[in-house]
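This is what each chain is made of:
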Amino acid sequence: MQIIYPDDYSNTGKPDEAFEQEYRCAQMLNIHCLLLSSEDMALGKYKFSHPFKSDSPVIWRGWMLNKDEYQQLYHAVNTHGGQMLETPEDYIRNHHITGWYENCKAFTPKTVITTIDTDFESLTNQLQWPAYFVKDYVKSLTTTRGSIAKNADEIREILKLIAQFRGNIEGGVSLRYVEEFINDSERRYFVLNKKIFSADDEIPEFVKTVAQHINTPFYSIDVVKNAVGELRLVEIGDGQVSDIKEWSVEKLVKAFFLSGI
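## Considering the packing of helix H6 (residues 120–127) against helix H7 (residues 152–166)
Contact geometry for H6 and H7: axes closest at 9 Å, N-to-C directions at 125°. It follows that H6 is oblique to H7 by the angle criterion. Both H6 and H7 take part in a crossing whose hand is right-handed. Facing Phe120, Glu121 and Thr124 of H6, the residues of H7 in contact are Ala152, Asp153, Ile155, Arg156 and Leu159. Per-class residue counts for the contact of H6 with H7 are four nonpolar, one polar and three charged.

## A look at the pattern of salt bridges
Summed over the entire model, instances satisfying the criterion amount to 18 salt bridges. Note that arginine 156 is salt-bridged to glutamate 121, the shortest N-O span being 2.6 Å. Of this pair, arginine 156 sits in helix H7 while glutamate 121 sits in helix H6, and the two are 35 residues apart along the sequence. Of the residues examined, glutamate 121 reaches a relative accessible area of 36% and is grouped as partly exposed. Residue arginine 156 pairs with aspartate 153 through a salt bridge whose shortest N-O separation is 2.6 Å. Remark: aspartate 153 and arginine 156 occur in helix H7; sequence separation between them is three residues, near one turn of the helix. Arginine 156 sits in the partly exposed class, given a relative accessible area of 33%. Take aspartate 153: its relative accessible area is 52%, and that puts it in the exposed class.

## Some points on the nonpolar core
Counting 21 residues, the largest nonpolar core has Met1, Ile3, Tyr5, Ala26, Ile31 and Phe256 as its most contacted members. If you list the elements that add at least two residues to this core, you get strand E1 (2–8), helix H1 (20–28), strand E3 (32–36), strand E9 (187–192) and helix H9 (249–258). One finds Trp100, Tyr189, Val191 and Val210 within the second-largest nonpolar core, a separate group that totals 20 residues.

## Quick notes on the sheet that holds strand E12 (residues 231–238)
Read across the open sheet, the four strands follow the order E10-E9-E11-E12; overall the sheet is antiparallel. Two strands bound the open sheet, and with one partner strand each, they are strand E10 (195–198) and E12. Between one strand axis and the next, the sheet turns by 25° as a mean value, whatever way the strands run. Packed onto the sheet, helix H4 (residues 88–95) meets strand E11 (218–225) and E12 and runs at close to 150° relative to E12.

Rules behind the numbers
Residues numbered from 1 in each chain as written. Predicted model: local features only at pLDDT ≥ 70, side-chain atom pairs only at ≥ 80, totals over all residues. Heavy atoms only, no water. Axes fitted to C-alpha atoms, helices over the stretch in contact; angles between N-to-C directions. Helix = DSSP H or I, 4+ residues; strand = E, 2+ residues; numbered from the N terminus. Parallel < 35°, antiparallel > 145°, perpendicular 65-115°, else oblique. Left-handed = near helix turned anticlockwise from the far one by under 90°. Contact = heavy atoms within 4.5 Å. Nonpolar A, V, L, I, M, F, W, Y, C, P; charged D, E, K, R; others polar. Salt bridge = Lys/Arg side-chain N within 4 Å of Asp/Glu carboxyl O. Buried < 20%, exposed > 50% of the residue type's maximum accessible area, 1.4 Å probe, protein only. Core = buried A, V, L, I, M, F, W, Y, C linked by side-chain atoms within 4.5 Å. Pairing = 2+ DSSP bridges.

Structure (structure tokens):
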């Protein structure tokens, strides 16, 4: 495989600090690594530090990209002689809740997909849930306010804050039923080339079952224990933009190496 990492905006030729350890570790395993100029990318241009090899797929390991940004990266890699492992359609199926929820609804909290201009009074009156976990298609509010709303006014408050702190509402709105989860029980699994990898080498049957419902090349599965100790799916994410959570960098890069790509 080949991996693209973002470079340091102020120090061209050096990987972005957030990904430097992963980049160095991948190089040590003789994975072909390239840096993408962050400064040029911000201007809509794509400049890579090295040529692509023509015989192995390319993945991106960097910050989250929206649909248009990933499409542009995909075409830029093609133009420069490479081929991304994931198509833009694959990326969105992982990255947006609308891409995986229907296939995984038996394993995850009930969710209503809607829009920013919804009549939330009517919707909450219809649902009558005790609380609502508010997200756009990708992320929740990460400030101290948190993402749990009790009523329509609080839903609108959270959405306004998401737009303020993230710049926009990506895709649309998802309201999730608030289940009781055990603190510090969340774990992340990566699936690459249909092989499941875990930070501790233990893979629950629940995770294997969830993976059977996803048909993209590279994604993450986040699971958590509920109040009675059952595993529940938190979300699917795209593996290219999922952070390492409880993983060591060395363990994750070794998983890339062992994936057989």
